[in-house]
Amino acid sequence: MNFDLHGDGPGNAVSYEKGRGVKGDEGVLKAAFDGNHGWFWRNRTKADVTVTLQVQGAYSAIKRVD
């Protein structure tokens, strides 16, 4: 799995972490500032992949963009 964990907001932009060919991972994100924070995942294989996202705290929406 390839991924990019990033954020942007008024006058701010950050790339927290990027990965390529990652077989498994876990972690915690504490947002550095108010704004949009999100992940981009891409599976470049033909194998099925399961992504489990657990969230808590203040957020307004979780969106899937195809």
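A. Highlighting the pairing of strand β2 (residues 12-19). Of the strand pairs in this sheet, strand β1 (residues 2-9) and β2 are connected by 7 bridges, and their pairing is antiparallel. Its bridge partner being in β2, Gly9 is matched across the sheet by Asn12. Here β1 hands over to β2 after 2 residues, with Gly11 in that stretch at a positive phi of 75 degrees.

B. Fine view of the packing of aromatic side chains. All chains considered together, the criterion is met by 1 aromatic pair. A ring pair is formed by Trp39 and Trp41, whose centres lie 6.0 Å apart and whose planes are at 5 degrees; its orientation type is stacked. Judged by relative accessible area, which is 36%, Trp41 ranks as partly exposed.

C. How the structure looks around the side chain of Asn2. The topology assignment puts Asn2 in strand β1. By relative accessible area, Asn2 is classed as buried at 18%. In this structure the side chain of Asn2 is engaged in a polar contact, spanning 3.0 Å, whose partner is the backbone nitrogen of Gly21. With residues up to four places along the chain from it excluded, the contact list for Asn2 reads Gly19, Arg20, Gly21, Phe40, Trp41, Arg42 and Arg44.

D. Geometry of the sheet that holds strand β3 (residues 36-42). Taken in spatial order, the 3 strands line up as β2-β1-β3 in an open sheet, and their pairing is antiparallel. Looking at strand neighbours, the two that pair on one side only are β2 and β3, the edges of this open sheet. Between one strand and the next, the sheet's axes are offset by a mean angle of 15 degrees, whatever the strand orientation.

E. Representation of the environment of Arg20 within the structure. By the element assignment, Arg20 lies in the loop between β2 and β3. Considering only alpha carbons, one finds Arg20 and Met1, 19 residues apart in sequence, at a separation of 6.3 Å.

Thresholds, definitions, all that
Residues numbered from 1 in each chain as written. Predicted model: local features only at pLDDT ≥ 70, side-chain atom pairs only at ≥ 80, totals over all residues. Heavy atoms only, no water. Pairing = 2+ DSSP bridges. Helix = DSSP H or I, 4+ residues; strand = E, 2+ residues; numbered from the N terminus. Phe/Tyr/Trp six-rings, centres within 6.5 Å; stacked < 30°, edge-to-face > 60°. Buried < 20%, exposed > 50% of the residue type's maximum accessible area, 1.4 Å probe, protein only. Polar contact = N/O pair within 3.5 Å; in protein donor to acceptor, adjacent residues only side chain to side chain. Contact = heavy atoms within 4.5 Å. Axes fitted to C-alpha atoms, helices over the stretch in contact; angles between N-to-C directions.

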